[in-house]
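Residue-level structure breakdown
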2 protein chains.
Amino acid sequence: MADKDILTSGPVCPIPIEDYPQVLLAHGGGGKLMQQLIQKMFVSTFENPLINQAHDGAVFQAPASRLAMSTDSYVIHPLFFPGGDIGSLAVHGTVNDLAMCGARPLYLSAGFILEEGLPMETLWRVVQSMQAAAQNAGVAIITGDTKVVDRGKGDGIFINTSGVGVIEHDVVVNPSQVKEDDVILVSGDIGRHGIAIMAVREGLEFETVIESDSAPVSSTVQALLNAGIELHCLRDLTRGGLASALIEIAVTSGTNPHLEERAIPVREDVQGACEILGFDPLYVANEGRFLAIVAKEHARSALEILQSAPGGDQAAQIGEIRRKSPGRVTLTSKIGTTRVVDMFSGEQLPRIC
Amino acid sequence: MADKDILTSGPVCPIPIEDYPQVLLAHGGGGKLMQQLIQKMFVSTFENPLINQAHDGAVFQAPASRLAMSTDSYVIHPLFFPGGDIGSLAVHGTVNDLAMCGARPLYLSAGFILEEGLPMETLWRVVQSMQAAAQNAGVAIITGDTKVVDRGKGDGIFINTSGVGVIEHDVVVNPSQVKEDDVILVSGDIGRHGIAIMAVREGLEFETVIESDSAPVSSTVQALLNAGIELHCLRDLTRGGLASALIEIAVTSGTNPHLEERAIPVREDVQGACEILGFDPLYVANEGRFLAIVAKEHARSALEILQSAPGGDQAAQIGEIRRKSPGRVTLTSKIGTTRVVDMFSGEQLPRIC
């Protein structure tokens, strides 16, 4: 679908483009234009009883329960990429962070930092995408904020989403629960998000378009919990990828996660792109993939749940928790040698999320 | 106190300045440098049991209750100003938004968008200021996020804080509760924050330094609630000032708030600066002032509470709710004429918060 089709296929932008083709500083200034932008663009798109309270915040009834809170700012470049955009990413990312706490995501806030001169139509596409992603993930965007910075002091759109979710079970999902002999599962093939972004940025063309894996994983986590799987730790594989997530768990838990490289699912085109770009897929960011560390006796049933989830057909058992090297991640390579997996010190891909 | 004194008087920056005088892209890249920044700079400064969970989010026990959630991004320029900085502002702003919902603020998240090249020492000052403000306001910063954007794609530091608070009473604080004959109270003199920022930006010098009123108002709101004041509506007077806040209430509630200009407290130096700069103090932003619309019979006791709160000696009754012009704010000027107070359409002061 050509860009023009995307632009004209959805509902019409509620701010008249002929009057306001671009975001102005005044759209963040607290006056009439800001009120119009908030009401017509945000409140009416994110439509729900709580956002309609039109207050400094949103008030909701919570059960007596453990709640989870999470926040993430999204500064991804470019704003649109195969498989998603900054809007859907901003919903998935925070929904997934809550899911990683074992929580069922309930509510999100949305804070926009817009650069003066941003095309109004671009903002409209992003806002619609956020709402579609929120509906798909079963969350409501209930409160928000809009700031506009002068031209050259931002980069189009930055979005912060913060979220609140409810923990409806007694399972403590935390690195401290990780034990020897637990198994390490991954919810699908890795590396697609990072490579999709990099391909757009570098103008690379592969035989197939590599799409980001950006997706909400909360219903999959709920399915694991509802099935009574003894979940010890969950971690999404965003910045820094599988390796960094697992190293953090190793350090925090003082255990030795061990990986079998041949078991780690990486699509062939992603592997090829990594080789061209000089990346190791272990460190490439994902936005719809997570690690589940579960009790050994639950490995098979957990894996079945992961594999039957949307996008989970490549879910796999990729390793186990050993005793040998506490605080370190080790890996048996495809050729059978064993090595320590180190944290990288710089960054592979700036502004990937 | 000279800037150099400020820089050297506090605890030493936990990231060695000689190695990392500036924020690098790698500080947001998901690797070692990001881990160090998060642990040494943020987690150890914001120290509390919840942030130490080192997870994708923070988990806390909530009572069965109404909760309030709020979010705000802070893009103020300059980062430091008389009476505060972006760090203290980011705490006060969100704490106050929660207070305006009638909630006792509990927890904040902090999302940083840093520009590559930001002096590390600047970040350290801001982080310390946030923690001091959080302690003073009785809230804990329990989860966070750090992104770094390339040079020229941000402006030093942007901060998003989102907050959760608990509503421990049955009072519904909402514009829908505003009734004819209610009285309008303001919690102190207005206009100082906006003028303080503008004076720094324009290099203006007055006989006295005008300091921002930036402060948490949550304990004052709790005092009103605890005294059994029949609070109908609360609103903080940030972007757009007193006029915009009251117009929003008028429109939402369909009532006619009426102001007595001579009763509105504006310091003489602020009034003078407004005249020089061409501003109307009614529209100038505040960061520690709020409106309380209360039942008439509680006006006196509410005012006593406001006046005895920190910084509240100029709190005043500035008007009442009338029947005459529903949905409009009217004002009797100092010379006795009555006019409608309109929303301004552009903005007076960009990047004021």
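Values in this document were obtained by computation on a predicted structure and should not be read as measured data.

Let us now look at the interface of chain B and chain A. For interface size, the figure often reported is the accessible area lost on association. Contacts between the two partners involve 78 residues from chain B, matched on the other side by 78 residues from chain A. Its largest share of buried area at the contact with chain A, chain B owes to Asp56, Met69 and Arg239 of chain B, together 13% of the area lost on that side. The tally of links from chain B across to chain A stands at eight salt bridges. With a shortest N-O distance of 3.1 Å, Asp150 of chain B and Arg351 of chain A are connected by a salt bridge. Across the contact surface, chain B and chain A share 25 residue pairs in polar contact (both at pLDDT 80 or more). In terms of residues, the side of chain B that touches chain A owes the most to one element, strand 2 (residues 65-74) of chain B, which gives nine residues. Here the residues of the side of chain B that touches chain A sort into 34 nonpolar, 28 polar and 16 charged. Looking at chain direction, strand 1 (residues 58-62) of chain A and strand 2 of chain B are connected through five bridges and run antiparallel. Its bridge partner lying in strand 2 of chain B, Gln61 of chain A is registered against Arg66 of chain B.

This paragraph deals with the packing of helix 3 (residues 86-100) of chain A against helix 4 (residues 120-137) of chain A. All names here are of chain A. Following both chains from N to C, one finds helix 3 and helix 4 inclined at 35°, their axes separated by 7 Å at the closest point. Between helix 3 and helix 4 lies a crossing of right-handed hand. The segment helix 3 lies against helix 4, with Ile86, Gly87, Ser88, Val91, His92 and Val95 engaging Val126, Ser129, Met130, Ala133, Ala134 and Ala137. Of the residues contributing to the contact of helix 3 with helix 4, the split by class is eight nonpolar, four polar and no charged.

Quick look at helix 6 (residues 218-226) of chain B now. Residue and element names in this part refer to chain B. Taken together, the buried positions of helix 6 are occupied by Ser218, Thr220, Val221, Gln222, Leu224 and Leu225. In the core, the buried residues of helix 6 are packed alongside helix 3 (86-100), strand 5 (104-115), helix 4 (120-137), strand 9 (231-236), strand 11 (290-294) and helix 9 (299-308). Phi turns positive, to about 75°, at Gly228, one or two residues after helix 6.

Residue and element names in this part refer to chain A. Following the criterion strictly, the structure yields 26 salt bridges over all chains and no others. Linking Asp189 and Arg289 is a salt bridge whose minimum nitrogen-to-oxygen distance equals 2.9 Å. Of this pair, Asp189 sits in the loop between strand 8 (183-186) and helix 5 (192-202) while Arg289 is found in the loop between helix 8 (268-277) and strand 11 (290-294), placing the two residues 100 residues apart along the sequence. Comparing Asp189 with Arg289, the two get one shared label, buried.

Turning to the confidence of the model for chain A, a few remarks are in order. Residues and elements named next belong to chain A. The predicted model of chain A has a mean per-residue pLDDT of 93, with 96% of residues at 70 or higher. For residues 1-7, every residue scores under 50 in pLDDT, and the model assigns this stretch five contacts once sequence neighbours within four places are set aside. For this predicted complex, the interface score ipTM comes out at 0.94, while the overall pTM is 0.94.

Mapped onto the secondary structure, Ser244 of chain A falls in helix 7 (residues 241-253). By relative accessible area, Ser244 of chain A is classed as buried at 4%. Not counting residues up to four positions away in its chain, the partners in contact with Ser244 of chain A are Arg239, Tyr283, Met343 and Phe344 of chain A together with Gly30 of chain B.

Here the focus is the sheet that holds strand 10 (residues 256-260) of chain A. Residue and element names in this part refer to chain A. Read from one edge to the other, the open sheet built from seven strands follows the order 9-11-8-12-10-13-14, with strand pairing classed as mixed. Every other strand in the sheet has two partners, leaving strand 9 (231-236) and strand 14 (338-341) as the edge strands with one partner each. Going from strand to strand, the sheet's axes swing by 25° on average, the running direction of each strand aside. Here four bridges tie strand 10 to strand 12 (residues 316-322), and the two strands are oriented antiparallel to one another. Bridge pairing in strand 12 links His258 to Glu320. Across the sheet, helix 7 lies against strand 8, strand 9, strand 10, strand 11, strand 12, strand 13 (329-332) and strand 14, angled at about 35° from strand 11, the strand it touches most. The sheet strands contacting helix 9 (residues 299-308) are strand 8, strand 11 and strand 12, and the helix crosses strand 8 at an angle near 5°.

About the cut-offs
Residues numbered from 1 in each chain as written. Chains lettered and ligands numbered in written order. Predicted model: local features only at pLDDT ≥ 70, side-chain atom pairs only at ≥ 80, totals over all residues. Heavy atoms only, no water. Contact = heavy atoms within 4.5 Å. Buried area = accessible area lost by both parts, 1.4 Å probe. Salt bridge = Lys/Arg side-chain N within 4 Å of Asp/Glu carboxyl O. Polar contact = N/O pair within 3.5 Å; in protein donor to acceptor, adjacent residues only side chain to side chain. Helix = DSSP H or I, 4+ residues; strand = E, 2+ residues; numbered from the N terminus. Nonpolar A, V, L, I, M, F, W, Y, C, P; charged D, E, K, R; others polar. Pairing = 2+ DSSP bridges. Axes fitted to C-alpha atoms, helices over the stretch in contact; angles between N-to-C directions. Left-handed = near helix turned anticlockwise from the far one by under 90°. Buried < 20%, exposed > 50% of the residue type's maximum accessible area, 1.4 Å probe, protein only. pLDDT = per-residue confidence, 0-100.

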